[in-house]
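Residue-level structural notes
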Amino acid sequence: MPVTELGVESTLEHGYDEFRYLAVGTGTPTANGCGAEVSRVPIATKRVIGRVRQFEALFTNSEGVGDITEWAIHKSAAGTDCLVYKALDKALPHTSVKAMLVSVSETWDNAP
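The present account deals with the structure reproduced in this document.

Reading the values: rules and limits
Residues numbered from 1 in each chain as written. Predicted model: local features only at pLDDT ≥ 70, side-chain atom pairs only at ≥ 80, totals over all residues. Heavy atoms only, no water. Pairing = 2+ DSSP bridges. Helix = DSSP H or I, 4+ residues; strand = E, 2+ residues; numbered from the N terminus. Axes fitted to C-alpha atoms, helices over the stretch in contact; angles between N-to-C directions. Contact = heavy atoms within 4.5 Å. Salt bridge = Lys/Arg side-chain N within 4 Å of Asp/Glu carboxyl O. Buried < 20%, exposed > 50% of the residue type's maximum accessible area, 1.4 Å probe, protein only. Core = buried A, V, L, I, M, F, W, Y, C linked by side-chain atoms within 4.5 Å. Polar contact = N/O pair within 3.5 Å; in protein donor to acceptor, adjacent residues only side chain to side chain.

Spatially, four strands are ordered 2-1-5-6 in an open sheet, and the strand pairing comes out antiparallel. Either end of the sheet is taken by a strand with one partner, and the two such strands are strand 2 (37–42) and strand 6 (82–94). Strand-to-strand twist in this sheet, taken as the mean axis angle between neighbours without regard to direction, amounts to 20 degrees. Where strand 5 (residues 66–74) and strand 6 come together, eight bridges link them in antiparallel fashion. Note that in strand 6 the partner of isoleucine 68 across the bridge is leucine 92.

With that out of the way, let us pick up the side chain of glutamine 54. Locating glutamine 54 in the fold gives a position in strand 4 (residues 52–59). Ignoring any residue separated from it by four or fewer positions in sequence, one finds glutamine 54 in contact with Thr45, Lys46, Arg47, Ile49, Val104 and Ser105.

This structure, assessed with the given rule, holds three salt bridges. In this structure, arginine 40 engages glutamate 37 in a salt bridge whose closest nitrogen and oxygen atoms are separated by 2.9 Å. When its relative accessible area of 35% is taken as the criterion, glutamate 37 is described as partly exposed. Linking arginine 53 and glutamate 106 is a salt bridge whose minimum nitrogen-to-oxygen distance equals 2.7 Å. With arginine 53 in strand 4 and glutamate 106 in strand 7 (residues 100–107), this pair connects stretches of sequence that are 53 residues apart.

Quick look at the pairing of strand 4 now. Burial of strand 4 is extensive: six of the eight residues sit out of reach of the surface. As paired elements, strand 3 (residues 45–49) and strand 4 share five bridges and run antiparallel to each other. Bridging across to strand 4, lysine 46 finds its partner in phenylalanine 55. Where strand 3 hands over to strand 4, the hairpin turn is made up of two residues, of which glycine 50 adopts a positive phi near 60 degrees.

So, about the nonpolar core. Residues Leu22, Val24, Phe59, Ile73 and Val102 are the most contacted members of the largest nonpolar core, which totals 14 residues. Residues contacting isoleucine 73, with those up to four places away along its chain left out, are Phe19, Tyr21, Leu22, Ile43, Phe55, Asp81, Cys82, Leu83, Val84 and Val104.

Across the sheet, three strands lie side by side as 3-4-7; this open sheet has antiparallel pairing. Looking at strand neighbours, the two that pair on one side only are strand 3 and strand 7, the edges of this open sheet. For this sheet, the mean angle separating the axes of adjacent strands, direction not counted, is 15 degrees.

Residue position: arginine 40 is located in strand 2. Between the alpha carbons of arginine 40 and phenylalanine 59 there is a distance of 8.4 Å; along the sequence they are 19 residues apart. Here arginine 40 is in contact with Tyr21, Leu22, Ala23, Phe59, His74, Ser76, Ala77, Ala78 and Gly79, once residues within four sequence places are set aside. Here histidine 74 takes part through its side chain, which lies 3.5 Å from a polar atom of the side chain of arginine 40. There is a polar contact of 2.7 Å between the side chain of arginine 40 and the backbone oxygen of serine 76.

Structure representation (structure tokens):
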């Protein structure tokens, strides 16, 4: 059943503000979020452009320090309600020297 472009955009917008936190960790993520979460911060930017939903969060030089191997988007600052999560292909070292901007893009296709 094909979904119209308006239908996809409306679906992506629904619940858009419900998930407000981005977490990073040094383990392997699960449906509950990061396996070894090191920091969770509020999502600063949320937008929908066509079939793409984007989230951005800034981790200061004291947040999310370590070899980052996973990320997850959560509903609350401490809960396990997780919208989406992913393991990184390669660890991303984050030191206390500078901040880290994490940008997540979720693309929906119209495949049957």
